[in-house]
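# Summary of the model geometry
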Amino acid sequence: MTKDSTTGQGNLPENKDALFLDQKLRPERWEDYIGQTHIKQNLEILLRAARERSHPPEHLLFYGPPGLGKTTLAHLVAKEIKAQIKNTSGPAIEKVGDLASILTNLSSGDILFIDEIHRLNKLVEEILYPALESGVLDIIIGKGPSARTIQLELPPFTLIGATTRIALLSAPLRSRFSGGVFRLEFYTENEIVEIIKRSAAILGVPLEGKAGLEIASRSRFTPRTANYFLKRARDLAQVEKRVLDEHAVKETLRLLEIDEIGLSQPDRHLLTILIEKFGGGPAGLSTIAAATSEEQATIEEVYEPYLLKLGLLERTPRGRTATKKAYEHLGFDYPEESQEKLL
Ligand code: ADE
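Moving on, we get to the overall build of the chain. A count of helices and strands for the chain gives 15 helices and nine strands. Its C-alpha atoms put the chain at 70 × 60 × 50 Å along the principal axes. With 343 residues in all, the chain has 45% of them scored as buried. Pairs at least 24 residues apart make up 68% of the contacts formed inside the chain by residues separated by at least 6 positions. Of the side chains in the chain, 44 bear a positive and 48 a negative charge, and the two mean positions are spaced by 3 Å.

Here a ring pair, both rings aromatic, is described through the centre-centre distance and the interplanar angle of the planes. Counted by the stated rule, this structure contains five aromatic pairs. A ring pair is formed by tyrosine 228 and phenylalanine 229, whose centres lie 6.0 Å apart and whose planes are at 45°; its orientation type is tilted. Here phenylalanine 229 falls in the buried class, since its relative accessible area comes to 4%. Ring pairing ties together the aromatic residues Phe186, Phe221 and Tyr306, which thus form one cluster. Positioned above the aromatic ring of tyrosine 129, the side-chain terminus of arginine 176 is 4.2 Å from the ring centre. Over the face of the ring belonging to phenylalanine 221 we find lysine 309, whose NZ or CZ atom lies 5.1 Å from the ring centre.

Every residue lining the ligand is accounted for by Leu25, Pro27, Asp32, Tyr33, Ile34, Tyr187, Ile195, Arg198, Pro223 and Asn227. At a separation of 3.2 Å, a nitrogen atom of the ligand approaches a polar side-chain atom of tyrosine 187. Here a nitrogen atom of the ligand sits 3.4 Å away from a polar atom, N or O, in the side chain of arginine 198. For the ligand, the protein covers 94% of the area, taking 260 Å² as the surface of the free molecule. Secondary structure elements with two or more residues in the shell around the ligand: α7 (189-203) and α9 (223-239). Residues belonging to the shell around the ligand are distributed by class as follows: seven nonpolar, one polar and two charged.

What follows deals with the sheet that holds strand β6 (residues 158-163). Pairing is parallel in the open sheet, where five strands are placed in the order β2-β3-β6-β1-β7. Both edges of this open sheet fall to β2 (85-89) and β7 (180-183), since each of them pairs with a single strand only. Between one strand axis and the next, the sheet turns by 15° as a mean value, whatever way the strands run. Bridging between strand β1 (residues 60-63) and β7 involves four bridges; their strand directions are parallel. For leucine 61, the partnering residue across the bridge sits in β7 and is valine 181.

Right, let's get into the pattern of salt bridges. Scanning the entire structure with this criterion turns up 24 salt bridges. Lysine 79 is the salt-bridge partner of glutamate 28, the closest N and O atoms lying 3.9 Å from each other. Here lysine 79 lies in helix α3 (residues 70-80) and glutamate 28 lies in the loop between α1 (21-25) and α2 (37-52), a separation of 51 residues in the sequence. Taking relative accessible area as the criterion, glutamate 28 reaches 51% and is therefore assigned exposed. Accessibility expressed as a relative area gives 49% for lysine 79, which makes it partly exposed. Between arginine 232 and aspartate 235 there is a salt bridge, with the nearest N and O atoms lying 2.9 Å from each other. Residue arginine 232 and its partner aspartate 235 are both found in helix α9; the two are separated by three residues, about one turn of the helix.

Splitting the chain by domain gives domain 1 (36-183), domain 2 (189-255) and domain 3 (265-341). For domain 1 and domain 2, the distance between their C-alpha centroids amounts to 36 Å. Tallying the contact residues gives four residues for domain 1 and five residues for domain 2. Of the roughly 310 Å² buried at the junction of domain 1 and domain 2 (both faces included), carbon and sulfur atoms supply 48%.

The N-to-C vectors of helix α11 (residues 265-278) and helix α13 (residues 296-310) enclose an angle of 80°; their axes lie 11 Å apart at closest approach. Compared by their axis directions, α11 and α13 come out roughly perpendicular. For the pair formed by α11 and α13, the contact residues are Pro266, Asp267, Leu270 and Leu271 on the first element and Ile299, Tyr303 and Leu307 on the second. Here the contact of α11 with α13 is built from residues that sort into six nonpolar, no polar and one charged.

Counting 43 residues, the largest nonpolar core has Leu43, Phe62, Leu73, Val77, Ile160 and Leu244 as the members making the most contacts within it. Sorting elements by how many residues they give to this core places α7 first, with six residues. Of the residues that make up this core, three or more belong to each of domain 1 (36-183) and domain 2 (189-255). When sequence neighbours within four positions are dropped, the list of residues in contact with leucine 73 reads Trp30, Tyr33, Ile39, Leu43, Phe62 and Leu184. Of all hydrophobic cores here, the second largest spans 25 residues; its members include Leu103, Ile117, Ala131 and Leu173.

Analysis parameters
- Residues numbered from 1 in each chain as written.
- Predicted model: local features only at pLDDT ≥ 70, side-chain atom pairs only at ≥ 80, totals over all residues.
- Heavy atoms only, no water.
- Helix = DSSP H or I, 4+ residues; strand = E, 2+ residues; numbered from the N terminus.
- Buried < 20%, exposed > 50% of the residue type's maximum accessible area, 1.4 Å probe, protein only.
- Contact = heavy atoms within 4.5 Å.
- Lys, Arg positive; Asp, Glu negative; His and termini not counted.
- Charge placed at Lys NZ, Arg CZ, Asp CG, Glu CD.
- Phe/Tyr/Trp six-rings, centres within 6.5 Å; stacked < 30°, edge-to-face > 60°.
- Lys NZ or Arg CZ within 6 Å of the ring centre and 35° of its normal.
- Near = heavy atom within 4 Å.
- Polar contact = N/O pair within 3.5 Å; in protein donor to acceptor, adjacent residues only side chain to side chain.
- Areas by Shrake-Rupley, 256 points an atom, 1.4 Å probe, with all protein chains shown as cover.
- Nonpolar A, V, L, I, M, F, W, Y, C, P; charged D, E, K, R; others polar.
- Pairing = 2+ DSSP bridges.
- Axes fitted to C-alpha atoms, helices over the stretch in contact; angles between N-to-C directions.
- Salt bridge = Lys/Arg side-chain N within 4 Å of Asp/Glu carboxyl O.
- Domains from an automatic or database assignment.
- Buried area = accessible area lost by both parts, 1.4 Å probe.
- Parallel < 35°, antiparallel > 145°, perpendicular 65-115°, else oblique.
- Core = buried A, V, L, I, M, F, W, Y, C linked by side-chain atoms within 4.5 Å.

What follows is the structure in structure tokens.
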């Protein structure tokens with residue numbers, strides 16, 4: 001790509017919106033957010049009650065696999081109560097001073113959104129406790145015997161935390177989310193079809209035949225994945241000058257190496273290694289990570305939730321095991337004695 005002499009950012013497309021497709025696909029109104037019905041119902045009551053009392057809602061935690069809409073929901077909560085939202089993330093807040101500066105710059109009623117909140121460091125986390133509980137910031141001035149603590153009063157605010165790894169959150173931090181701890185669930189196939197239809201309308205691309213259903217059935221019940229497949233299928237239809245129907249979707253997903261139940265190449269690799277190298281398991285997470293050259297966190301956060309949901313993988317106290325369904329899906333013979341091994 002050649003450099004644009006005025007911006008130094010390369011050739012910008014005529015329509016800059018095209019660069020921010022994912023942003024465009026995010027629902028901007030509460031009623032446009034499809035799925036997660038139970039969470040939405042609970043939040044509606046909580047937000048309405050808070051509004052009626054003219055008080056910011058209590059702190060909220062959203063958790064669940066990536067791509068299910070935790071950030072989107074946090075932004076919609078802010079919109080619903082007409083609050084300003086400030087965005088940051090666990091790893092971005094490196095020092096106590098970083099958090100102190102974020103907190104002291106909040107205005108009354110603001111929402112502070114901390115993504116990947118499980119990655120906050122211990123010292124930062126401890127400063128957060130009194131801020132969440134009593135709305136104060138304890139600052140230590142000086143060092144050694146002359147050190148003293150001063151307390152700063154913070155404006156009332158709501159923290160919304162998001163994490164893919166609830167188990168890594170310390171119990172004291174988890175207990176501070178007094179408004180509720182909400183687990184986002186995988187979407188149903190119907191909900192994903194609705195999301196795809198909405199996204200296709202925003203992108204201005206007509207879906208023909210069973211295109212929506214074909215994408216939905218392989219999207220890991222995850223809107224981000226569904227929207228990604230939709231964008232790639234739209235590319236293929238455009239480049240090959242064909243309609244975006246189920247055949248175009250099938251061809252797109254064949255090229256992306258996504259199989260008919262939505263498994264990607266790394267998913268299949270993980271199961272294959274477990275079966276071929278470890279006799280189907282049980283094998284520990286670190287062993288599987290080393291054998292597949294994947295990060296343990298990626299296995300736990302990205303691959304496992306869907307494999308567990310499909311019943312292709314099981315977690316036992318002794319490690320991960322590939323199920324009979326996994327053997328069958330990948331075309332391996334299932335050794336019946338491996339069931340006895342588990343008993
Ligand atoms: N796009 C991504 N997630 C969505 C959702 N839950 N509802 C509507 N559109 C979405």
